Amino acid sequence: MDKVIASRTKGLTDVPFHYCPGCAHGIVHRLVAEVLEELEIMEKTIGVAPVGCSVFAYNYFNMDMQQAPHGRAPAVATGIKRVHPHSVVFTYQGDGDLAAIGTAEIVHAAARGENITVIFINNTTYGMTGGQSAPTTLLGQKTKTTPLGRDKEVNGYPIRVAEMLSTLEGAAYIARTAVFDPPHVNKTKKAITKAFNTQLKGLGFSMVEVLANCPTNWNMTPLDSLEWLKENMVPYYPLGEFKVSEEVDRNAS
Amino acid sequence: MDKVIASRTKGLTDVPFHYCPGCAHGIVHRLVAEVLEELEIMEKTIGVAPVGCSVFAYNYFNMDMQQAPHGRAPAVATGIKRVHPHSVVFTYQGDGDLAAIGTAEIVHAAARGENITVIFINNTTYGMTGGQSAPTTLLGQKTKTTPLGRDKEVNGYPIRVAEMLSTLEGAAYIARTAVFDPPHVNKTKKAITKAFNTQLKGLGFSMVEVLANCPTNWNMTPLDSLEWLKENMVPYYPLGEFKVSEEVDRNAS
Amino acid sequence: MHHEIIIAGFGGQGILFAGQLLTHAGMVEGKHVSWIPSYGPEMRGGTANCSVVISDRGISSPIVTEPTILMAFNGPSLEKFENRIKPEGFIFYNSSIIKRDPQNPKASSYGVPVNEMAEGLGNSKVANMVMLGALIEITKIVSPETLLLSLEKALGRRKKNMLSLNEEALKAGREYAVQRLK
Amino acid sequence: MHHEIIIAGFGGQGILFAGQLLTHAGMVEGKHVSWIPSYGPEMRGGTANCSVVISDRGISSPIVTEPTILMAFNGPSLEKFENRIKPEGFIFYNSSIIKRDPQNPKASSYGVPVNEMAEGLGNSKVANMVMLGALIEITKIVSPETLLLSLEKALGRRKKNMLSLNEEALKAGREYAVQRLK
Amino acid sequence: MIKITIHRERCKGCSLCIPFCPKGILKTSETLNSSGYHPVFVVRPEDCTGCAACAKMCPDLAIEIVREE
Amino acid sequence: MIKITIHRERCKGCSLCIPFCPKGILKTSETLNSSGYHPVFVVRPEDCTGCAACAKMCPDLAIEIVREE
Amino acid sequence: MPKELMDGNRAMAEAAVRAGCRYFFGYPITPQSEIPEYLSLRLPQVGGVYLQAESEVSAINMVYGAAGAGARVLTASSSPGISLMSEGISYIAAAELPCVIINVMRGGPGLGNIAPAQGDYNQAVRGIGHGDFNLIVLAPNSVQEMADYTILAFELADKYRNPVMILVDGLLGQMMEPVEFKEEPPKQFPKPWATTGAKDRPRNIINTLFIEPEELERLNLKLQEKYEQIKQEECRCENYLTEDAEIIVAAFGSCSRIAKAAVEEARELGIKAGLCRPITLWPFPEESVRKAAQKAKACLTAEMNAGQMVFDVRMALKDRIPVHHYGRMGGAVPTPGEILAQIKKIEVQING
Amino acid sequence: MPKELMDGNRAMAEAAVRAGCRYFFGYPITPQSEIPEYLSLRLPQVGGVYLQAESEVSAINMVYGAAGAGARVLTASSSPGISLMSEGISYIAAAELPCVIINVMRGGPGLGNIAPAQGDYNQAVRGIGHGDFNLIVLAPNSVQEMADYTILAFELADKYRNPVMILVDGLLGQMMEPVEFKEEPPKQFPKPWATTGAKDRPRNIINTLFIEPEELERLNLKLQEKYEQIKQEECRCENYLTEDAEIIVAAFGSCSRIAKAAVEEARELGIKAGLCRPITLWPFPEESVRKAAQKAKACLTAEMNAGQMVFDVRMALKDRIPVHHYGRMGGAVPTPGEILAQIKKIEVQING
Ligand SMILES: Cc1ncc(C[n+]2csc(CCOP(=O)(O)OP(=O)(O)O)c2C)c(N)n1
Ligand SMILES: Cc1ncc(C[n+]2csc(CCOP(=O)(O)OP(=O)(O)O)c2C)c(N)n1
Ligand code: SF4
Ligand code: SF4
Ligand code: SF4
Ligand code: SF4
Ligand code: SF4
Ligand code: SF4
Ligand SMILES: [Mg+2]
Ligand SMILES: [Mg+2]
């Protein structure tokens, strides 16, 4: 019998992504979809994608989906989850979305221990609107609205979301990963699996922050962008698990 | 010559407070006003009070004041401070205001290292609107909207704001104090002084979280409320300095 | 029968509760009723008043501008409302605090030392009930039995001991009215 | 003189820039001008087009529905716009990619192998300039000198070396027009 | 000598000052002020040390203390 | 035997797969697909070990790998 | 059911529960806090969820999520809080999700005060949020109606897949009157479009993004068609003593109670006054207004604002007769006497 | 100054700088992002501050603070972002603070799309935020006007202590046309009320809370008086070929450009058409509209929405003549030909 090593996951529809060549959104979409397929929970999963390059996620994830206002996915997900507590609810959010306009929503979803899973794509910029600075833009990084590089005197410091949310008791699983090479892609998938398992066990809020590239707005080739990510983002945004509630690890897959 | 040991500060107008008997808002108002008077900065200070029992603060603080929409004082203060960078700008906010509706504003003011001072009155409830639950309401605590006590399964966990904001690089000085006895009132005043000095030195964002009572909505006598504060709030909200940027301490008063 | 009542005093004097009780009793007796509160921004202290309408006919406007009955629990309340009373109206005032007679010659005025009487019963909080007792005795706006029923319902099971105290206060008010005001 | 121009192609083919250049040159020559971009939601790829009006008289509507000139850089663009051209209009199309003749008999059509020509000059990005060269040679809508001036201004000081490449491309386009299209 | 004044009309009778006085010389008045509160007064002013513990706890700035020299 | 397929029409020519192939058998095509991208192809399919490093990096799910047994 | 004495806020809350609403997301604000306070105790008793959101922005988006998931869901706020919901309400309308939003208006603009006012009429009927959409807006004027129209609100919301706003003010919210809850079970509507998990059916998508103008125009045309239908079918208005009326007083909500008393007093003075009370503010009952004014020589709108509904009344009457406005603002409540004085003034004008 | 070729967004941004605006607080959103992008480079060059806020809610409150502190300050957004500013705008109006808000409208409701639309007219002129207040709303229709009216906007804001909105759409925002900046220095107004630190003067308070209804009513009366004055003094409208026109086309903003072409084409066909273009949408230039329609037998409004300004036109014309509406929605832009077809249809109706 033939063994499939890599193939399209049923967690995604057949619609080709609209993302730019080499954009990590595609990689992470695939990982999330694979995890949902492998955990056999697609039929009870409802995804929420607010505004950002991934706003069209409802075209791609092969399950019930709600598109949400910019930044409000955690609130929308909360509404869904409270109505269907036995469903699996996830949000897929960018850094502008989650760490800027949606700050209150993400902090409070975590504080409430809202039993949802958040996939957080940190690419240090507002991809969809053409590359303005984000709360996660690194110091010195040039963007459309920090044309001379981010200056801490004017724009302040990048926010480390995973660390911040880890101070909240309601947060059951918080990790930061990156997708700059295959081993880290594997680790990202593991973290996503753990996050969904956290939800399946009813332990509370789970989030995976994925360091990602935006070759288009960084003005780089896709490969250069992965290199830049590794060399500049990882030092400021250390990878790892920041919060793992005891029960998550207990017989976690 | 006579020596005044205690008297009305010039930092306050003559208008009697509208606060309930025994409410800590009065104590903290006095401390802030005294510090501003002692630092001789009243004439360049602009205060911002958003909505909460202290919304009438503009009647009390004897200096330029702006009343602000609920939760938005840090944004309003940012607007003022950017226009007058050499002025001293402070906000005076409750826990509903700062830790609920104003979460994004406070997190980003801190992340930006906005050079303002925040006085944060944590009394675990929405005083002004009649005692509904706040993000800082303790587990099990009864309020108008947690009639059977706060349940972590439904409402999640209280937020420790000082700890959360301390993860942000822009935060230069973050402390938590309480006003349940004279020594702690003294400590609170010291912390407030340090916070304003942080601003005067241009070091960035400073905040003093003051654990306070709300005898009216807690349904207690003022004295019982202080006891309750000490026994229930302090264990969950430990007192102390959470962040002190090096330069704050260097020749701080 | 159509009565428009204003009950007014300091916050904390049980003003709003007294009004609700009266309204409820009116409803139980088959009347059309309405109750509207009004208070300042302070959580404690400050002033409070409520407007009650009890009527045989449907109530168009629940707003009371010219009351047929005023119950004034403190001086400022009497001053604010005494001249708005409809001709042939009633003024009940707290003579424990208000040391002058009402100025409106067209209304019948009744002073009741409700604070002292309530304290006499052991709890200053039932001053409002004393006043209600006097009111219903004089105006017969609702029967004492209905009012007691409403009181029972409002206090609920948990506050049985409060019930008897309130009952006593009502009674004291009625007796005072019978003996001193009629 | 009144021209309404649509320039259309893939995102990334320099469509919008070519239009801006033309518009600017028109302005410099004292004409009334307007430029409107239009693009899809994709940051990369997808389609892009712009509408340019260059006219002796004031421009009421900057919207171009029936262009006098179409510059089509890929097949879909030709298909979309070729039948909207005003009678006696012009179609310039990228014959490197578009392998058929335009279908509109009322318009004069000019195929220019701009990709090949640009690659011949060493940089596929100047295909848009080749096309512009052909355009101005045939239609005289602006003079080559003004266009160069506009190009210089647009590229700014930093891109001096880009300037000569673009200049060459313009020239190549004009020459191609002179030799092959007239 | 210490001169302590408790402003009867400003005091809201909250009692926060009372237990913190090391001399135990603060007491609630039986009478009401014009706002309807029972204000606090100093029982034995001459015992006051001027430690200001009371003033620190007072939310309504009702207490003034002067050391007369 | 490993069977690797790179879907020419799905590939956006981003090159993310190329450097991670331990066998160095991935290469960009000279020709364009219908979306205007230069897709990647496998130079020596027989050398492919099926390690799937390429597929893991591919954002567009253009790579399928099957072990035929 | 025996009558209960209840305030309007609690009556709406209880009615919501009886209408089958099991989810409330909101944020405290005076003068509507009795609603969340009541529901925080009541909803868990019936297996529902009361959740206090971190803000009104969050609350309306929780509503969006829950409505999309197929639930009957309620939120309530007062003026400034409703403003914060503008974006979310526009999304809910665009996604055609049913939900009920209560606005217990207070004095504005800005923080204003907590006294009753009707300054949000324009916002509710035509300006809240961006883009072309309409809320169904109901304006009860008694505690009984507040209960009844809350139930109706949930039914209309589901029937038309449209957000419904109940527009009242602090006077109604805090006034107590007898109320009777009907025993009939609430009407239910199937929701095959809801995101409940795509088991044994094609997946469902809740979405408001239509990148192609043609597509978005199609949504808009569909919405406009729906609104046209609602205009045809759902206008509600109470006309009182209007048959022979020479002066029509138009008023809604709490102000209509006061206006009614004024009209009655005018009748006692022999002035032929009548009351026209729009109950649906959107759709605005133009026909009924015209009918009320059939014999009228003048109209007076009485509102607790600077003159907002007067605009719709003028449109309805097409300036056939003069339409005057009497308004109080900032939480000031007019008295029957004030309105009567206006009626008298107009009477003099029209009858010399 | 020589003319420059500039898009409308950048022209407004540059004009703001020239008007003395030194502070911009905003949040990115298409199709207005050229404004923040331009100002993020430009403002620091002139000693100003560009600050990207964490949201539109924050942005408008930073504007509130800066305006209260006495600065000329600007924010810009597009439809959904403007909705989020509703509460803040109500506060700014209540506190009588001057500021300029640009709305570069896009297709709605909900997330909609990024194509040009005019669906926020109602919101801008009467429904944004709670309570009775008005923005001054300017609707330029060319890049030159976008520059000129931006300067005017700052002057009007300061003169009346009122927020001013510039209402345009993505078409105008991204269209390039020649623009000339005038050399005159902008008018300045003293701001003795600003919170600048109470040195050598009594302290200043910026406030919107008036707990007593009487006080809040006084503020409201003051605001209404101011609005009346603005209505008297600031109406602006362009009438084109209207003197003898039998058919008036009313349109604003980008749509008025298209309508103008249609009117010109109609004239070529011998149809007596004219264009009436309100430039101030609030105050609505009723007089000018009436004047434009003096000889008209019919009116047509052309809008990129479901029919919003048509309401004001009908009010202005008091239904003397039929007022038709032609609208495209969801980002669809009408062509001159479409509008011409409508004109022709009406021509047939009125002249048989
Ligand atoms: C209320 C509101 N404000 C602004 C926008 C515009 N907007 C769309 S996506 C976006 C930011 C996207 O950045 P991010 O969340 O980091 O996602 P990315 O595109 O980088 O994946 C913004 C500001 C909007 N749609 N709604
Ligand atoms: C947008 C908005 N939402 C809600 C309110 C109502 N409100 C006024 S104060 C307040 C909470 C006050 O609590 P807190 O900030 O803790 O201050 P405290 O009164 O306890 O000192 C609320 C919800 C409001 N004014 N504006
Ligand atoms: S703009 Fe950036 S984040 Fe968006 S699809 Fe392109 S590469 Fe990805
Ligand atoms: S309600 Fe609570 S917080 Fe507000 S004044 Fe009274 S005691 Fe203080
Ligand atoms: S100053 Fe000290 S000793 Fe004197 S009354 Fe106050 S607490 Fe007592
Ligand atoms: S603390 Fe102040 S207000 Fe309270 S009782 Fe003492 S003196 Fe009075
Ligand atoms: S599976 Fe491994 S060996 Fe085969 S092509 Fe991909 S990366 Fe190379
Ligand atoms: S990673 Fe995928 S899309 Fe990118 S070049 Fe390789 S096969 Fe093509
Ligand atoms: Mg991003
Ligand atoms: Mg509080």
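My aim in this report is to walk through the structure given alongside it, one point at a time. (Residues numbered from 1 in each chain as written. Chains lettered and ligands numbered in written order. Predicted model: local features only at pLDDT ≥ 70, side-chain atom pairs only at ≥ 80, totals over all residues. Heavy atoms only, no water.)

### What to know about the arrangement of the chains
Then, in step 1: If you rank the 16 pairs of chains in contact by how many contacts each has, first place goes to chains G and H.
Then, in step 2: There is a clear gap between chain E and chain G: no contact, and 24 Å between their nearest C-alpha atoms. (Contact = heavy atoms within 4.5 Å.)

### Focus: the relation of the copies chain H and chain G
Then, in step 1: Once turned by 180° and shifted 0.0 Å along the axis, chain H lies on chain G with an RMSD of 0.0 Å. A rotation of that kind, with that shift, is consistent with a two-fold axis. Among all residues of chain H, the minimum C-alpha distance to the rotation axis is found for G127(H), at 1.8 Å.
Then, in step 2: Of the residues that chain H buries at the interface, 100% are likewise interface residues in chain G, meaning the two copies contact each other through the same surface. (Least-squares fit on C-alpha atoms with pLDDT ≥ 70 in both.)

### Some words on the coordination of the magnesium ion (ligand 10)
Residues and elements named next belong to chain B.
Then, in step 1: Taken together, D95 (OD), N123 (OD1) and T125 (O) make up the protein donors of the magnesium ion (ligand 10), found 2.0 to 2.1 Å from the metal.
Then, in step 2: The motif formed by the donor residues of the magnesium ion (ligand 10), counted along the single chain, is D-x27-N-x1-T. You can see D95 sitting in helix α4 (residues 95-101) and its partner T125 sitting in strand β6 (residues 125-126), a full 30 residues away along the chain.
Then, in step 3: With a relative accessible area of 2%, D95 lands in the buried category.
Then, in step 4: Classification of T125 by relative accessible area gives buried; the value is 3%. (Donors = N, O, S within 2.8 Å, 3.2 Å for Na, K, Ca; no water. Helix = DSSP H or I, 4+ residues; strand = E, 2+ residues; numbered from the N terminus. Buried < 20%, exposed > 50% of the residue type's maximum accessible area, 1.4 Å probe, protein only.)

### Details of the interface of chain G and chain A
Size of an interface, as often reported, equals the accessible area lost when the parts are brought together.
Then, in step 1: With 33 residues of chain G at the interface, the matching set in chain A holds 34 residues.
Then, in step 2: Remark: the boundary between chain G and chain A carries three salt bridges.
Then, in step 3: Measuring nitrogen to oxygen at the nearest pair gives 2.5 Å for the salt bridge that ties R201(G) to D64(A).
Then, in step 4: Our count for the contact surface shared by chain G and chain A stands at 20 residue pairs in polar contact (both at pLDDT 80 or more).
Then, in step 5: Counting residues per element, the ones that place at least two in the side of chain G that touches chain A are β2 (23-26), β3 (49-52), α3 (56-68), α5 (86-94) and β9 (205-206) of chain G.
Then, in step 6: For the side of chain G that touches chain A, the leading source of residues is α3(G), giving eight residues.
Then, in step 7: Grouping the constituent residues of the side of chain G that touches chain A by class yields 17 nonpolar, 10 polar and six charged.
Then, in step 8: In this structure, strand β3 (residues 64-67) of chain A lies alongside β9(G), joined through two bridges in parallel fashion. When the sheet's bridge partners are listed, M65(A) is paired in β9(G) with I205(G). (Salt bridge = Lys/Arg side-chain N within 4 Å of Asp/Glu carboxyl O. Polar contact = N/O pair within 3.5 Å; in protein donor to acceptor, adjacent residues only side chain to side chain. Nonpolar A, V, L, I, M, F, W, Y, C, P; charged D, E, K, R; others polar. Pairing = 2+ DSSP bridges.)

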